[in-house]
Structures are given as C-alpha cells and as structure tokens.
Amino acid sequence: MAPDDIHPVSPSCSDCPIRHRAVCARCDAQELAILEEIKYYRSFEAGQMVIWSGDKMDFVASVVSGIATLTQTMEDGRTQMVGLLLPSDFVGRPGREFAPYNISATTNLMMCCFRKKPFEDLMFRTPHIAQRLLEMTLDELDSAREWMLLLGRKTAREKIASLLAIVAQRDAAVKLRVTRGRMVFDLPLTREAMADYLGLTLETVSRQISALRREGVIELEGKRHVTVPDFDRLLNEAGDDSDGGILA
C-alpha cells in the first residue's frame, strides 16, 4: 500500500456518516475501541484501481463516501460490471485471501479499512460484528436476486428507473431520510457506466433518461443532479410497488 493511499483524516466513529448502517453499527463502546486500533483510512481518486482480481487482499473495509464498481474480466479480455459499492457497503470477505473481482473508484472514494487478520479474530469473538455482517450478506444476496430479475426481465425503461430508485433509496438511507415524496440525489454513474451495468447501449440509456425527464418522472440539473418529484411514480416506472418490492 502506498503511503499516499492512507487518508490523512481519521474521523471518530461517533461522527461517521455511515455508522448506523456499517458493519460496526451494533458495536458497543468497548468493541469500537478495539476496531479503532486496527482501522485506517484510504482514499482513491475517480478512476483509480482499488484492487485487481486475484490480488492478495490484506484488508476488509466499509465504503464511507463515494462509489466503486466491481468488475470481472473474462479470458478474451471482455469486462463486465457485476456490482456497485455504495456508502456503508462492505468490501472484502473474511476467510478469503484473494480478491474475487476488480474494484475501482467510480467517484472520489474513501474507505474505512481494517487489517484483515485482526478483524477476523475480532469477528469470531464479537457477536455484534458477526451478526451485522450476516445481515449485510443476506441483504446483498437479496439485491443480487432482484438484479437478476432486472437484467433478465425488465424493459430498458424499467431498468433505468430501477437503477435511479436504488440510488435514491441508498442515498436516503445513509442520510436518514424517508423514501417517499420528493427526493433529490446525485447520480454517481456516467451514462456509459449505466449502459455497461444494465446491459444496454449508450443510446438507449440516453433515450430513456430523456423520456423520463420529458414526462416529468425525473428532473435533471446537468447530467448528474436528479430530482424525483414523486418517488412512488418512479417505483411504478421501475415495475416496483410503493414498498420497493417487485410487483407480482
């Protein structure tokens, strides 16, 4: 790890913007004090590689701010985006020595990292961490199943609306805001990245976003700042119900 990867600022856990959602969300004061001893911060600029698939991974981490992408490269050189890492998402797997995917910063990124071996030891001794990590893993499994449905069955318009809804919901959850009514957020992906992630062409993504904007489902300031006047309407466009679940 290069010295300039280590973030110069070390915010306390009590001031952490993702504290209520991160792997340490249920830790008591004593457990947080132990985590403080093994944690450090790393920052990456947009476009910078965090780790390559197959590289030895000596840390696990929580995304504090920014967005990263998970990609897999096939034998013929083609690359597929297989996931997004948003604030509070957990990076790495205890018990796994090597990184299974490429991880790269989509925006400027800051991660709260833990040295892997001490974290694994602490996880086995601390039910609060193990339980929270299990919850996050099951949530990730649910999201992966919903994403399979999105990619396999939804129309291009529904795919775009679904991705906008996912980003809006996560932004609201991190900021402790309700997910209804009028919502405002910044879209972390370029249209090229959205096309790659959704399995669409760039032209299709641009056309569908323009249609959603023209019909008043979303409002755009520039290409990234999104306002959703009525979140339920966006969910309907995504084929989801008002609770965010998939419509039968």
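An account of the accompanying structure is given in this report.

Rules used in this analysis
Residues numbered from 1 in each chain as written. Predicted model: local features only at pLDDT ≥ 70, side-chain atom pairs only at ≥ 80, totals over all residues. Heavy atoms only, no water. Helix = DSSP H or I, 4+ residues; strand = E, 2+ residues; numbered from the N terminus. Rg over C-alpha atoms; globule rule 2.2 N^0.38 Å. Buried < 20%, exposed > 50% of the residue type's maximum accessible area, 1.4 Å probe, protein only. Contact = heavy atoms within 4.5 Å. Areas by Shrake-Rupley, 256 points an atom, 1.4 Å probe, with all protein chains shown as cover. Lys, Arg positive; Asp, Glu negative; His and termini not counted. Charge placed at Lys NZ, Arg CZ, Asp CG, Glu CD. 1 Å grid on protein atoms, 1.4 Å probe; cavity = no way out; pocket = protein on both sides within 12 Å on 5 of 7 lines; lining within 4 Å. Points joined across faces, edges and corners; volume = space filled by probe spheres on them. Nonpolar A, V, L, I, M, F, W, Y, C, P; charged D, E, K, R; others polar. Pairing = 2+ DSSP bridges. Axes fitted to C-alpha atoms, helices over the stretch in contact; angles between N-to-C directions. Expected span 1.5 Å × (residues − 1). Phe/Tyr/Trp six-rings, centres within 6.5 Å; stacked < 30°, edge-to-face > 60°. Lys NZ or Arg CZ within 6 Å of the ring centre and 35° of its normal. Core = buried A, V, L, I, M, F, W, Y, C linked by side-chain atoms within 4.5 Å.

### So, the overall build of the protein chain
When you go through the protein chain residue by residue, the secondary structure sums to 7 helices and 11 strands. Against the compact-globule benchmark of 18 Å for 248 residues, the protein chain has a radius of gyration of 19 Å, which places it among compact chains. Structurally, the protein chain occupies a C-alpha span of about 50 × 45 × 35 Å along its principal axes. Looking at the 248 residues of the protein chain, the share that counts as buried comes to 46%. Residue pairs in contact within the protein chain that sit at least 24 positions apart in sequence constitute 70% of those at least 6 positions apart. When the accessible surface of the protein chain is totalled, it reaches about 13000 Å², and 51% of it is carbon and sulfur. Distance between charge centres in the protein chain, computed from 31 positive and 36 negative side chains, equals 2 Å.

### Observations concerning empty space enclosed by the protein
Remark: the empty space left among the atoms is shown by a probe the size of a water molecule rolled over them. This structure, assessed with the given rule, holds 1 cavity of 30 Å³ or more. Considering only enclosed or pocket space, the largest cavity measures out at about 100 Å³ in volume. Along its surface, the largest cavity is lined by 13 residues, and Cys13, Cys16, Cys24, Cys112 and Phe114 are the ones closest to its centre. Breaking the lining of the largest cavity down by element, the ones donating at least two residues are helix H1 (29–38), strand S1 (39–44) and strand S8 (109–115). Taken together, the residues of the lining of the largest cavity sort by class into 10 nonpolar, 1 polar and 2 charged.

### As for the sheet that holds strand S5 (residues 79–85)
For sheets, the rule is that strands pair by backbone hydrogen bonds, running either parallel or antiparallel. Sheet architecture is open: 4 strands sit in the order S2-S7-S4-S5, paired in antiparallel fashion. Across the chains shown, the open sheet's two edge strands, defined by having one partner strand only, are strand S2 (49–51) and S5. Here the average twist between neighbouring strands, direction ignored, is 35°. Judged from the 6 bridges that link them, strand S4 (residues 68–73) and S5 form a sheet pairing that is antiparallel. Across the sheet, residue Leu70 finds its bridge partner in S5, namely Gly83.

### Focus on helix H3 (residues 127–153)
Between its terminal C-alpha atoms H3 stretches 39 Å, which fits the 39 Å expected from 27 residues at 1.5 Å a residue. Among the residues of H3, those classed as buried are Ile129, Arg132, Leu133, Met136, Trp147 and Leu150. Contact partners of the buried residues in H3: H1, strand S6 (90–91), helix H2 (116–125), helix H4 (156–174) and helix H5 (191–198).

### A word on the environment of Leu85
Tracing the backbone shows Leu85 in strand S5. Leaving out residues up to four positions away in the same chain, Leu85 has contacts with Val63, Gly66, Ile67, Ala68, Leu70, Phe90, Val91 and Ile103.

### Details of the packing of aromatic side chains
The geometry of an aromatic ring pair is captured by two quantities: the separation of the ring centres and the angle between the planes. With the rule as written, the count across this model stands at 2 aromatic pairs. Among the aromatic residues, ring-to-ring pairing joins Phe90, Phe114 and Phe119 into one connected group. Positioned over the ring face of Phe59 is Arg42, at 5.4 Å from the centre of the ring.

### Quick word on the nonpolar core
By size, the foremost hydrophobic cluster in this structure holds 36 residues, and its most contacted members are Ile160, Leu163, Ile218 and Leu234. Secondary structure elements with two or more residues in this core: S5, H3, H4, strand S9 (183–186), H5, helix H6 (202–214), strand S11 (225–228) and helix H7 (231–237). Judged by nonpolar contacts, the second largest core, of 24 residues, contains Ala22, Val23, Val60 and Met110.

### A few points about the layout of surface pockets
Taken as a whole, the largest pocket spans an internal volume of roughly 1500 Å³. Among the elements of the structure, S5, S6, H3 and H4 are those that each provide at least two residues to the lining of the largest pocket. Per-element tally for the lining of the largest pocket: the top contributor is H3, with 14 residues. Looking at side-chain class alone, the lining of the largest pocket contains 25 nonpolar, 9 polar and 13 charged residues. Empty space within the second largest pocket amounts to approximately 330 Å³. Lining the second largest pocket are 17 residues, with Ile67, Pro87, Asp171, Lys175 and Asp186 sitting closest to its centre. Among the secondary structure elements, those contributing two or more residues to the lining of the second largest pocket are strand S3 (59–65) and H4. Element by element, the count of residues in the lining of the second largest pocket is highest for H4, at 4 residues. For the lining of the second largest pocket, the per-class residue count stands at 10 nonpolar, 3 polar and 4 charged.

### Topic: the pairing of S4
In this structure, the hairpin formed by S4 and S5 is closed by a connection of 5 residues, where Gly77 is found at a positive phi of approximately 95°. Bridge analysis of S4 against strand S7 (residues 102–105) gives 4 bridges, and the strand direction is antiparallel. Its bridge partner lying in S7, Thr71 is registered against Asn102.

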